[in-house]
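The lines below spell out each chain.
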Amino acid sequence: MRVIADTNRCLGAGQCVLADPERFDQSDDGIVVVLRAEATDPAEQEEVRETVSHCPSRALSLAD
Ligand code: SF4
């Protein structure tokens, strides 16, 4: 599983960074930066699903 960020949709709300700072960061203008896209083990994948579901602008999505 991979997480994909649509930087055109990101509002810079920062929920993803608060939830998972090892995977997400924000650029100087607040837009999401994905530090680690791959999630391999089931616990990690569940964590990523949770974080993606909380993005207020639906800028985050998952791919196989
Ligand atoms: S939670 Fe969504 S809107 Fe907020 S910084 Fe992350 S990707 Fe952007």
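Here is what the cut-offs are and how they apply
- Residues numbered from 1 in each chain as written.
- Predicted model: local features only at pLDDT ≥ 70, side-chain atom pairs only at ≥ 80, totals over all residues.
- Heavy atoms only, no water.
- Helix = DSSP H or I, 4+ residues; strand = E, 2+ residues; numbered from the N terminus.
- Buried < 20%, exposed > 50% of the residue type's maximum accessible area, 1.4 Å probe, protein only.
- Contact = heavy atoms within 4.5 Å.
- Areas by Shrake-Rupley, 256 points an atom, 1.4 Å probe, with all protein chains shown as cover.
- Lys, Arg positive; Asp, Glu negative; His and termini not counted.
- Charge placed at Lys NZ, Arg CZ, Asp CG, Glu CD.
- Near = heavy atom within 4 Å.
- 1 Å grid on protein atoms, 1.4 Å probe; cavity = no way out; pocket = protein on both sides within 12 Å on 5 of 7 lines; lining within 4 Å.
- Sits in = over half its atoms within 2 Å of the grid points.
- Nonpolar A, V, L, I, M, F, W, Y, C, P; charged D, E, K, R; others polar.
- Core = buried A, V, L, I, M, F, W, Y, C linked by side-chain atoms within 4.5 Å.
- Polar contact = N/O pair within 3.5 Å; in protein donor to acceptor, adjacent residues only side chain to side chain.

Student: Can you help me understand the overall build of the protein chain in this one?
Tutor: Across its full length, the protein chain carries two helices and four strands. For the protein chain, the sequential pattern of α-helices and β-strands runs β-α-β-β-α-β. Taken over 64 residues, the protein chain has a buried fraction of 33%. Within the protein chain, contacts between residues at least 6 apart in sequence are counted, and of these 53% link residues at least 24 apart. Surface exposure of the protein chain reaches about 4,100 Å², of which carbon and sulfur atoms provide 48%. Looking at the protein chain, you have 6 positive and 13 negative side-chain charges, and the mean spots of the two groups are 6 Å apart.

Student: It is not clear to me how the side chain of Q45 should be interpreted in this structure. Could you clarify?
Tutor: On the secondary structure map, Q45 appears in helix 2 (residues 42-53). We classify Q45 as buried; its relative accessible area is 18%. Apart from the residues lying within four places of it in its own chain, the contact partners of Q45 are M1, A39 and T40.

Student: Sorry if this is basic, but what is going on with the site of the ligand here?
Tutor: The environment of the ligand is made up of 13 residues, and the closest members are C10, A13, G14, C16 and C55. In a pocket analysis with a 2 Å cut-off to the grid points, the ligand is assigned to the largest cavity. By residue class, the composition of the shell around the ligand is nine nonpolar, four polar and no charged.

Student: Help me out: how do you make sense of the nonpolar core in this one?
Tutor: Within soluble globular proteins, side chains that are nonpolar generally end up buried alongside one another. With 13 residues, the main nonpolar core has V3, C16, F24, V32, V48, V52 and L60 as its most contacted residues. Within the residue set of this core, elements represented by two or more residues are helix 1 (15-19) and helix 2. Residues contacting V52, with those up to four places away along its chain left out, are V3, L60, S61 and L62.

Student: Could you clarify how one ought to interpret the side chain of R23 in this entry?
Tutor: Relative to the helices and strands, R23 resides in the loop between helix 1 and strand 2 (24-26). A distance of 2.9 Å separates a polar side-chain atom of R23 from the backbone oxygen of E38. Setting aside residues up to four positions removed in sequence, R23 forms contacts with V3, V33, V34, L35, R36, A37, E38, A39, E44 and V48.

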